Structure formats: structure tokens, C-alpha cells
Amino acid sequence: MRTTDTITIIRCLSDNYAYLMHDATSGDTVLIDAPEAAPIQAALEARGWTLTHLLLTHHHADHIDGVAALKAAYPDLHVVGAAADAHRLPALDRQVSPGDTVDTGAGRFAVLDAPGHTVGHIAYHQPQAQALFSGDSLMVHGCGRLFEGSAQQMFDTIATFAALPDDTRVYSGHDYAQANLTFAARFAPDAQALEQRQAMLPKLADQGTPTVGVTLAEEKLINPYLRTHLPQVAQAAGLPDATAEAVFAEIRRQKDNA
Ligand SMILES: [Zn+2]
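Please read all numbers here as calculations on a predicted model, not as lab measurements. (Residues numbered from 1 in each chain as written. Predicted model: local features only at pLDDT ≥ 70, side-chain atom pairs only at ≥ 80, totals over all residues. Heavy atoms only, no water.)

Here's the deal with the pattern of salt bridges
Here's step 1: Here the structure, examined in full by the defined rule, presents nine salt bridges.
Here's step 2: Note that E148 is salt-bridged to R88, the shortest N-O span being 2.8 Å. Taken together, the residues span a long stretch of sequence, with E148 in the loop between β13 (142-143) and α4 (151-162) and R88 in the loop between β6 (78-82) and β7 (94-96) at a distance of 60 residues.
Here's step 3: A relative accessible area of 33% places E148 in the partly exposed class.
Here's step 4: Given the relative accessible area of 25%, R88 is considered partly exposed.
Here's step 5: Here D256 ties to R145 by a salt bridge, and the two come within 3.1 Å at their closest N and O atoms. Pair noted here: D256 is in helix α9 (residues 244-256) and R145 is in the loop between β13 and α4, with a separation of 111 residues, a long-range link.
Here's step 6: Of the residues examined, D256 reaches a relative accessible area of 34% and is grouped as partly exposed.
Here's step 7: Members of the salt-bridge network, linked through shared partners, are D85, R88 and E148. (Salt bridge = Lys/Arg side-chain N within 4 Å of Asp/Glu carboxyl O. Helix = DSSP H or I, 4+ residues; strand = E, 2+ residues; numbered from the N terminus. Buried < 20%, exposed > 50% of the residue type's maximum accessible area, 1.4 Å probe, protein only.)

Dropping the structure here:
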């Protein structure tokens, strides 16, 4: 567990992350995803916070299994999720669609369309905190598997994120940074940025410090899925002169077989 200036990062299950944002003035506390209730409740109780809002990114069990217990513990909890996936999410107090905003005491969260990992997947951008809660779409140094959506959908999702301000920090649903970095090294990342992360990740692991919270600017130097328009990345993927979309699909395919 780690508290940055505004975001509390909670490890759940084996490699999931949940996130809390709290506002002392309003007393609002916002949770992004609920992999399991116990560590989240422990974090809330340790700080004396009452959970008021829960924003869900997608319907997979390791993102929603904590919802029922949290709703029982905090009866006024306001649960928000994608309208498109309402049939397979826990009961929602509000169904949102891309383009909507969720206003809380802890800031305004813009709902972004983020299909690819699942078709109903959404992400939340909180501009005041310069935070993108990307769920299982954009990951640190990688991107999520394509369980339901197409490579084109994930390409468009990543392109949406790439257009956010460069100082936006990425808070993803899992910690796969080390495996993703090893894979990313194949695709001509910026040498200096790669070296820095290769040196840093083992230290973070030793300290038990989360790897998330990398800026989009840093990701654009390393993450192959944000670099598929670059000739050296197309070359490394074995598809020189191919479109960025085709290079993206090929890199994702290679990762599935890695
Ligand atoms: Zn998932």
C-alpha cells in the first residue's frame, strides 16, 4: 500500500491494483475497481475514510468480486459502471457511457471508451490529479490481452489515451511491468529510457513499491503499443512499411505467443 499525493494504491489478489482518491473537505472517497474487499476495507479503516463512490472499469471477476462486501460495509456507496456492460456488472447506481463525467468531491472523472480487452471496457481520466485509470487496457510498458475486442479496437483505445496530456500518469489494473518491459525491449524502445526502467524495476520490487504511475511521456519512449507509428518499431515487429494498426496487431500477436 502506498499513498502518493492524491492516490492510494492498494495491492489486491496476486497482481491486481485498486486505487483510492479521498477529499478531506467533502469526505468523499472514490475507489477504482474492487478486486477483493479485505485490503480495501483495511486501507479505508486505517485512514478513517468512508467509501462513497466505486468506479468499475470492466466486468472481469478480479475487478468486481469485492463489490458486494463493500456495498454491505458502506450502504450509501454509489457504484458506477458501463451502461453497455450493466447486464454483467454488479448492480449499478449509475450507468455511464463514454463522454459522461462522474463528479465527486475527489474530482471529476471523465469516462473514456476503452474496448479491446473486453468490448464494454471503460477508463476514467481525472485531469486534476493527472491520472488515467486504464483498467486492463493500457498497462505499464504494455497493454491488456484481447479477450473480446479486436486489435483495431485496442489500437483506437491506446490512441485515445495517447492524446491525453503527456504528464498524465497511468494507473492500470495489474502489475505486469517487468514482463512487459522484457517484451518491450524487442521493439526498439528509447535506449536511455529502457536502461533507466531496467535499473529501476528490480529496486521497486525489492521495496514492494508499485510500478504504476508512469507518465504517458515515459510510456511513449518504451511502450511498443504507443510507438507502432515509428519505422524502427515496424521494422522490429517484422512488418516494415506496414500501417501503425497492422504493426500494433502484430506486436499484440507476438506477445500472446511470447
Ligand atoms: Zn480483465
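A short note on the packing of helix α5 (residues 177-184) against helix α6 (residues 191-207)
Here's step 1: As a packed pair, α5 and α6 sit with axes 11 Å apart at the nearest point and diverge in direction by 155 degrees. Here α5 is positioned roughly antiparallel relative to α6, judged by the angle of their axes. The chirality of how α5 crosses α6 is left-handed. Where α5 approaches α6, its residues A177, Q178 and L181 are matched on the opposing element by L194, R197, Q198, L201 and P202.
Here's step 2: By residue class, the composition of the contact of α5 with α6 is five nonpolar, two polar and one charged. (Axes fitted to C-alpha atoms, helices over the stretch in contact; angles between N-to-C directions. Parallel < 35°, antiparallel > 145°, perpendicular 65-115°, else oblique. Left-handed = near helix turned anticlockwise from the far one by under 90°. Contact = heavy atoms within 4.5 Å. Nonpolar A, V, L, I, M, F, W, Y, C, P; charged D, E, K, R; others polar.)

Here we look at the packing of aromatic side chains
Here's step 1: One pass over the structure, following the stated rule, counts eight aromatic pairs.
Here's step 2: When the ring of F155 is compared with that of F248, the centres are 5.7 Å apart and the planes differ by 90 degrees; the resulting orientation is edge-to-face. Of the two residues, F155 is situated in helix α4 and F248 in helix α9; the sequence distance between them amounts to 93 residues. Both residues of the pair, F155 and F248, count as buried.
Here's step 3: An aromatic cluster is defined as three or more aromatic residues linked by ring pairs; in this entry it consists of Y17, Y19, F109, F133 and Y171.
Here's step 4: The ring of W49 carries the charged tip of R47 above its face, separated from the ring centre by 5.6 Å.
Here's step 5: One Lys or Arg, K255, reaches over the ring of F183 and ends 5.8 Å from the middle of that ring. (Phe/Tyr/Trp six-rings, centres within 6.5 Å; stacked < 30°, edge-to-face > 60°. Lys NZ or Arg CZ within 6 Å of the ring centre and 35° of its normal.)

Re the coordination of the zinc ion
Here's step 1: Distances from the zinc ion to its protein donors, namely H58 (NE2), H60 (ND1), H117 (NE2) and D136 (OD), fall within the range 2.2 to 2.4 Å.
Here's step 2: Classification of the site at the zinc ion rests on its four donor atoms, whose angles at the metal span 88 to 173 degrees, yielding the label irregular.
Here's step 3: On the primary sequence, the residues serving as donors to the zinc ion are separated as H-x1-H-x56-H-x18-D. With H60 in the loop between β5 (53-55) and α2 (61-64) and H117 in the loop between β9 (107-113) and β10 (122-126), this residue pair connects regions lying 57 residues apart in the sequence. (Donors = N, O, S within 2.8 Å, 3.2 Å for Na, K, Ca; no water. Tetrahedral: all angles 85-135°; square planar, octahedral: opposite > 155°, others 65-115°.)

Section: the nonpolar core
Nonpolar side chains in soluble globular proteins tend to be buried together.
Here's step 1: Counting residues in each nonpolar core, the largest one holds 32 residues, and the members touching the most others are I7, Y19, L55, F109, Y124, F133 and Y171.
Here's step 2: With four residues, the top contributor of residues to this core is α6.
Here's step 3: If we skip the residues at most four places from it in the chain, Y124 touches L55, L56, T57, V80, G81, V96, F109, A110, V111, A131, L132 and F133.
Here's step 4: Core analysis: the next-biggest nonpolar cluster, separate from the first, contains 25 residues, A114, A234, A244 and V247 among them. (Core = buried A, V, L, I, M, F, W, Y, C linked by side-chain atoms within 4.5 Å.)

Description of the sheet that holds β9
Here's step 1: Strand order in the open sheet formed by six strands is β8-β9-β10-β11-β14-β15, with mixed pairing between adjacent strands. At either end of the open sheet lies a strand with only one pairing partner, and these are β8 (101-104) and β15 (214-215).
Here's step 2: Sheet topology note: the strand β11 (residues 131-135)/strand β14 (residues 169-172) ladder contains four bridges and is parallel. Looking at the pairing, L132 lines up with V170 of β14. (Pairing = 2+ DSSP bridges.)

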